[in-house]
Amino acid sequence: MRPAPKKVAASPSLALLVVTKMRVVTQPCQARERQRGFTLLEVLIAIVITAMIGIGANQILGQAIETSQKTRDKLEALNTLQKTMLVLARDFRQVVPR
């Protein structure tokens, strides 16, 4: 007579081996999903956008400085003209008919 077959219970090491093998197969996909960071294209796009904003800000700031300088020059000329007009008005008030 043959001996009765022994019931083999699933051993934890066998289950671990199966799970480990499954993880090895799926790990490259999970590794890609877990990777964090930016691609080169994303970084280049961010640099281009930042450069465009910087160039625009530089142009606006340059125009503002130029306008400020022109305004300052015109204001100085106006102040000189106002002083001249004030002196002439005083002189005309002091004119005595002869």
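Here the structure is a predicted model, which means the values were calculated and not measured.

What counts, and at which threshold
Residues numbered from 1 in each chain as written. Predicted model: local features only at pLDDT ≥ 70, side-chain atom pairs only at ≥ 80, totals over all residues. Heavy atoms only, no water. Helix = DSSP H or I, 4+ residues; strand = E, 2+ residues; numbered from the N terminus. Buried < 20%, exposed > 50% of the residue type's maximum accessible area, 1.4 Å probe, protein only. Areas by Shrake-Rupley, 256 points an atom, 1.4 Å probe, with all protein chains shown as cover. Patch = residues over 30% accessible without salt bridge, like charges linked within 9 Å, V, L, I, M, F, W, Y side chains within 5 Å. Salt bridge = Lys/Arg side-chain N within 4 Å of Asp/Glu carboxyl O. pLDDT = per-residue confidence, 0-100. Contact = heavy atoms within 4.5 Å.

S.K.: Whenever I open this one, the overall build of the chain confuses me. Can you help?
M.R.: Looking only at helices and strands, the chain features two helices and zero strands. Per-residue burial over the chain gives 0% buried out of 98 residues. Here the chain has roughly 10100 Å² of accessible surface; of this, 66% comes from carbon and sulfur atoms.

S.K.: Whenever I open this one, a nonpolar patch on the surface confuses me. Can you help?
M.R.: A cluster of nonpolar side chains, contributed by Leu-75, Leu-78, Leu-81, Met-85, Leu-88, Phe-92 and Val-95, occupies part of the molecular surface with about 710 Å² of accessible area. Along the chain, Leu-81 falls in helix α2 (residues 40-93).

S.K.: I'm lost on the pattern of salt bridges in this one. Help?
M.R.: In a structure, side chains of opposite charge can pair up when their charged atoms sit close to one another. All told, the structure shown has one salt bridge when counted by the stated rule. Here Glu-66 makes a salt bridge to Lys-70, at a shortest N to O gap of 3.4 Å. Separated by four residues within a single helix, Glu-66 and Lys-70 lie in helix α2, roughly one turn from each other.

S.K.: How should the confidence of the model for the chain be read in this particular structure?
M.R.: The predicted coordinates ought not to be read in detail in places where the model reports low pLDDT. On average, the chain scores 80 in pLDDT, and the residues at 70 or more come to 65%. Between residues 14-20, whose pLDDT stays under 50, and residues either more than four places distant or in other chains, the model counts zero contacts.

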